[in-house]
Amino acid sequence: MMMIENILRVGREDPTKLIHALKVGMALTLASMLYLVGPLYSGIGENAVWGVITVVVVFEATVGATLSKGVNRLIGTLCAGSLAFLLICVVDKSGRTSSAIFIGIVVFLTGTAATYLRFIPHIKKTYDYSFVVFLITFNLLAASSFRTNHVIEVTLERICTVAIGCGICLVMTLVFPDWSGSEFHNSTASKLDFLAESIDACVNKYFEDSENIEESSDDVDHIQRVYESILDSKATDDTLALHASWEPMHSTYRYKYPWEEYVRLGSVLRQFGFTVVALHACLQSQDQTPRAFPDSLKDSSTRFVKEISGTLKELADSIRDKRLLAPTLVSGHHGALKDLDDAVKSQPQSLKISEAFMALLVGMAAKLDKVIEQAENLGQRSRFNQYIPDTIEIIIVADDENRTE
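For clarity, every value in this text was computed on a predicted model and none was experimentally measured.

Undergrad: Would you mind showing me how to read the overall build of the chain here?
TA: Counting its regular elements, the chain contains 16 helices and zero strands. Split into buried and exposed, the 405 residues of the chain put 41% on the buried side. Of the contacts made within the chain by residues no fewer than 6 positions apart, 82% connect residues no fewer than 24 positions apart. A total accessible area of about 22,900 Å² is found for the chain, and carbon and sulfur atoms account for 60% of it.

Undergrad: Mind showing me how you'd approach a nonpolar patch on the surface here?
TA: Side chains of Y35, L36, V49 and I53 sit close together on the surface and give an oily, nonpolar patch of about 330 Å² of accessible area. Looking at the nonpolar patch, the elements that each hand over two or more residues are α2 (15-36) and α4 (49-58).

Undergrad: For this particular structure, what's the right way to read the pattern of salt bridges?
TA: Opposite charge on two side chains allows them to pair when their charged atoms are near. Within the structure shown, the criterion is met by 15 salt bridges. Here E13 ties to R9 by a salt bridge, and the two come within 3.5 Å at their closest N and O atoms. You can see E13 and its partner R9 sitting in helix α1 (residues 2-13), four residues apart, about one turn around the helix. A salt bridge links K124 to D128; the nearest nitrogen and oxygen atoms lie 3.9 Å apart. We classify K124 as partly exposed; its relative accessible area is 45%. Residue classification places D128 among the buried residues on the basis of a relative accessible area of 18%.

Undergrad: In this structure, what is going on with helix α6 (residues 96-117)? I would like to understand it.
TA: Residue pairs three or four apart in sequence face the same way in an α-helix, which turns once every 3.6 residues. With 22 residues, α6 should reach 32 Å at 1.5 Å per residue; the first-to-last C-alpha distance of 32 Å fits that figure. Every buried residue of α6 is accounted for by S99, I103, V106, T110 and A114. For α6, the angular spread of the buried residues around the axis is 70°, confining them to a single face. In α6, those exposed residues whose orientation departs by more than 90 degrees from the buried face are T97, F108, L109 and Y116. In this structure, the buried side of α6 is in contact with α5 (63-91) and α8 (128-144).

Undergrad: So what exactly am I meant to see when it comes to the packing of helix α10 (residues 180-206) against helix α12 (residues 234-244) here?
TA: Think of two packed helices as two axes; the pair is described by the angle between the axes and how far apart they sit. For the pair α10 and α12, the least separation of the axes is 8 Å and the interaxial angle reads 145°. At the point where α10 passes α12, the crossing takes the left-handed sense. Residues S180, G181, E183, F184 and K191 of α10 lie in contact with α12, whose contacting residues are D237, L240, A241, H243 and A244.

Undergrad: Mind showing me how you'd approach the packing of α8 against helix α9 (residues 151-173) here?
TA: Running from amino to carboxyl end, α8 crosses α9 at an angle of 160°, the nearest separation of the two axes being 10 Å. In this view, α8 runs roughly antiparallel relative to α9, as classed from their interaxial angle. Like other packed secondary-structure pairs, α8 and α9 cross with a definite hand, here right-handed. Between α8, through T137, L140, L141 and S144, and α9, the contact on the second element is made entirely by V151, V154, T155 and R158. When grouped by side-chain class, the residues that make up the contact of α8 with α9 number four nonpolar, three polar and one charged.

About the thresholds
- Sequence order as written defines residue numbering, which begins from 1 separately in each chain.
- Local features are withheld for residues below a pLDDT of 70 in this predicted model, meaning they are given only at 70 or higher, and side-chain atom pairs are given and counted only at 80 or more; totals for whole chains, interfaces and linings count all residues.
- Working from all heavy atoms in the structure, the side-chain values ignore hydrogens and water.
- Here a strand is any run of E in DSSP of at least two residues, a helix any run of H or I of at least four, and the numbering for each starts at the N terminus.
- Each residue's exposure class comes from its accessible area (1.4 Å probe, protein chains only) as a fraction of the maximum for that residue type: buried when under 20%, exposed when over 50%, partly exposed otherwise.
- What makes two residues a contact is simply this: any of their non-hydrogen atoms within 4.5 Å.
- All accessible-area figures derive from a Shrake-Rupley calculation using a 1.4 Å probe, and residue coverage is judged against the displayed protein chains alone.
- Patch membership requires over 30% relative accessible area and the absence of a salt bridge. Like charges are linked within 9 Å, and nonpolar side chains (Val, Leu, Ile, Met, Phe, Trp, Tyr) within 5 Å.
- Throughout this description, the term salt bridge denotes a Lys or Arg side-chain nitrogen within 4 Å of a carboxyl oxygen of Asp or Glu.
- To estimate how far a helix should extend, the number of its residues minus one is multiplied by 1.5 Å.
- The arc in question is traced by the directions running from the helix axis to the C-beta atoms.
- Orientation is described by lines fitted to C-alpha atoms, with helices fitted over the stretch in contact, and by angles between N-to-C directions that extend from 0 to 180 degrees.
- Crossing handedness is read from the near helix: turned anticlockwise from the far helix by less than a right angle, it gives a left-handed crossing, and turned clockwise, a right-handed one.
- Throughout this description, any angle smaller than 35 degrees is read as roughly parallel, any larger than 145 degrees as roughly antiparallel, any in the 65 to 115 degree range as roughly perpendicular, and the remainder as oblique.
- Under this grouping Gly is polar, as are all residues other than the nonpolar Ala, Val, Leu, Ile, Met, Phe, Trp, Tyr, Cys and Pro and the charged Asp, Glu, Lys and Arg.

So far we have only geometry, and geometry alone does not tell us how the molecule works.
See the structure below:
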């Protein structure tokens, strides 16, 4: 029963996973028609299996990922088939022994060159899967060309079945589509929300009374969110940015959407997240907090943290709503920082204050400025909507007694 409950919970928490599973099942059924329908099988034959294999390896959860793998697989298959066709044309005019030697040399040179090119960063990032498919397909066709006489027909049938499989994947992924760009956009806004919640949890815990010194499960959950969604997000951000770049629907003005700005903002947020983790480490030290704090220090610290968390939440809302930042947001926390700095300097030396904790707290202001700067760059390059402040409509109603004819 526990296993069944876990299986059902996955679908309840994220219905897109259930939808993706249904789409994959339908795509595999359509690809299997190449085997099950007589006229299709008689035209393609045993190579129909490559259509099913293509669906299995190409169909991903998002449109961008599916499109990326599908195009890469087609490119790799076409290049391998073209090179194999040229190889067959040369081999057919040679003797048996010379053909074997020539095929071995070509396979060696091709494998060496393709593997070396995969180390180039741009190719590794964008077209690595194409080279993998190319190596597999070309070597299979080159080796089989020595023993069979129908390699050209096999090559054409394989290209057709791969194209059919990719087409099925593309059509099915556009049914209730899940976009990599939307996922990347929403996850960036969620990271800012998680940071704001984590900062509030750390500072509130620091200024708690000594009777409540044990760490609550909510505090642990906040820190775990920072670790999982921010500190370990570099690989996920790079992958989502790559897949989102394949999706054509994100730009309204027909320009290349600046996903690299999202990646840069994620890098800045990871630096900010390290500060939150360091704050949490101060809480876990044995001598982290005194028994009592002066109200001036506690109030100024709380006010500063509220400004920081409020700014992060406003940044999250602005990115989520695709609008530029409010002009007052850029420097709203600087006044609270000055008050906190004055409050720390005014405390007596006898008061036991964690210097590391306060230094980290004050240092957040500089890192927040970097976050704001990068968020502004993101909004400008993404052509977010202009910020429109809330307006209050004032209606003046004159009394009947004061009206004059």
